[in-house]
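# Chain and residue survey
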Amino acid sequence: MKKAFTIGVATALVVLSAAGPAAADDEPFGRWRQPACGTVNGDGSVTYTRNDGRTIAPTSQVLRPVVYTTGLVALDRPDELLAMSNNALLTSQDAGCTWATVGKVNGRNTELVAARGGRAYAWDRDGNLTLATSGAVTQLTSPAGEVAGLGVDRYRGDRLRVSDGRGQLHESRDGGRTWRTVGVPAWAQGDLVLVYTAVFDPYDLNHVVVGGSDTGARVTFDGGRTWTASTGLSKTGGKVNVFSAAISPAAPNVVYAMGLDIGEADGGAPSGGRHIYRSFDGGRRFAPVVDHGDGVTLANGPLLAPHPTDPGVLYFDFGTGWAATGTDIYKYDARRNQVTVNHNAYDRVTSIAFNPSNPGVMYLGVAEEV
C-alpha cells in the first residue's frame, strides 16, 4: 500500500422528523445549497470542511467536554441536517451554518440513518426506540433489547430493519411502531458471538453484512433466510473480529470492513492484525487494502464513511483526547492505491455526512473528551 500524507490544522431507536412525508416521486436530497458561512453558529458539536479536513470551519462556541456527536445526517429536505450530540437532537436548516437544539432523546452513543420525508431514524445499542416529529418525542417499543444496526428503505421511509445482538433481523413497515421477525439469526444459538456491527444496503434491505467476534463477517442477500460466512479476512482462515463495516452508497456491491486478525496479532505481525478490507461482491469475499502502521493508526471499530458517489473512496479516522493528540482523517483512494491524511485538534471525529449537492463538503460531528 502506497501512502501519501498531507497535514492540515484545524454514535434508542428514534424517528426524527423535520416535516411531513415527501411525495412518492420526489428525488431525495434535491435543491441543496452549500454552506455560505465562514463560522458555524452553534455549540461546537458540528462543523464542516471543503478539503477532506485540511481546513475546518471554526465554530462560534468552543465544544465543552464531555461530548460525543455520534449521529449526523443530511435530510431530503433542502439544506436540513440532524445530529445527535450526547442525547441532544440538533438541527440545521441552512446547510450546516446554524445549529439549534430540538430536544432530548433516550439513549447513548446514538446513531442516525436518514429516511424519506425529512426524517432520520436514530438507534443505540441498548435498543431504545423513540419517535420525534417537529420536536415532539414519543417512546416506541423496540423489537430487541440490543441493536447492532439499522437500515431504511431509500424510497419508503416507513420501512426499516434492524439487527439484534444475535444477527436476527426485524422489520417494521409503519415507521417503527410495530415489528416482525424475518429470517434466521446470522449465527446459531449455541455460538458465542458478540455482534459488533450490522450494515444494510439502502437499495435492498435483504442485503445485510454483520460483523462479529472471532468468526469474522456474514452476509445475506435474502433478508436473513440464509447467511454466508465471508472469506478473505484471514490468510490462514483463523479467527477475526470484524468491528465495523459500511456498504458503499455509490455501488452496494462494494463493502468495506475493519477487522482484527487474531492470529496475526498473536504472531506479532507489523500490522498488529488490524486491517481495512474491501469486497467487490457485496461481502462474500474480502481482501485487505489498508494496514495498521506506516503512518496509519487503526483502532478497533473506527468510523467508516464511504464517499457517496465514488465507491473507490473511503474516509476513516483515528483520534484521542490523550495528551492532546487530536484526530487524523484518512482518505483511502483505490484508484491511486493511496492513503492521505489531514490532522485536526479535535479529540475525535465521531460522525461524517456529505452535502448532497457537493460531496466535497463534509460535515463533521466531533467529540471533546478532556
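Criteria and cut-off values
- Residues numbered from 1 in each chain as written.
- Predicted model: local features only at pLDDT ≥ 70, side-chain atom pairs only at ≥ 80, totals over all residues.
- Heavy atoms only, no water.
- Core = buried A, V, L, I, M, F, W, Y, C linked by side-chain atoms within 4.5 Å.
- Buried < 20%, exposed > 50% of the residue type's maximum accessible area, 1.4 Å probe, protein only.
- Helix = DSSP H or I, 4+ residues; strand = E, 2+ residues; numbered from the N terminus.
- Contact = heavy atoms within 4.5 Å.
- Salt bridge = Lys/Arg side-chain N within 4 Å of Asp/Glu carboxyl O.
- Phe/Tyr/Trp six-rings, centres within 6.5 Å; stacked < 30°, edge-to-face > 60°.

## Side note on the nonpolar core
Within the largest apolar cluster, 19 residues are counted, with the highest numbers of intra-cluster contacts made by I276, V290, V296, L314, F316, Y332 and V339. Contributing elements (two or more residues each) for this core: β20 (240–247), β21 (255–261), β23 (287–291), β25 (313–320), β26 (326–333) and β27 (338–344). Among the elements that line this core, the one with the most residues is β21, at three residues. In contact with I276, other than residues within four places in its own chain, are Y256, A257, M258, A287, P288, V289, V290, L298, L304, L314 and F316. Of all hydrophobic cores here, the second largest spans 18 residues; its members include Y48, A88, W99 and A353.

## Some details on the environment of G149
Structurally, the position occupied by G149 is in strand β12 (residues 147–152). On the accessibility criterion, G149 (0% relative accessible area) is buried. When the C-alpha positions of G149 and D124 are compared, they lie 8.3 Å apart, and in sequence the two are 25 residues distant. If near-sequence neighbours (up to four positions away) are discounted, G149 is found in contact with W123, R161, V162, S163, A198 and F200.

## Concerning the pattern of salt bridges
Inspection of every chain in the model, using the stated rule, returns 13 salt bridges. A salt bridge links E171 to R180, with the nearest nitrogen and oxygen atoms 2.8 Å apart. Judged by relative accessible area, which is 2%, E171 ranks as buried. A salt bridge links D281 to R285; the shortest N-O distance between them is 2.8 Å. Linked by salt bridges that have partners in common, D153, R159, R161, E171, R173 and R180 make up one network.

## Examining the packing of aromatic side chains
Using the criterion set out here, one finds five aromatic pairs in the structure. Here Y315 and F354 contribute two aromatic rings whose centre-to-centre distance is 5.9 Å and whose plane-to-plane angle is 50°, an arrangement assigned as tilted. Within this pair, whereas Y315 is found in strand β25, its partner F354 is found in strand β28 (residues 348–355), the two being separated by 39 residues in sequence. You'll find Y315 and F354 in the same group, each marked buried.

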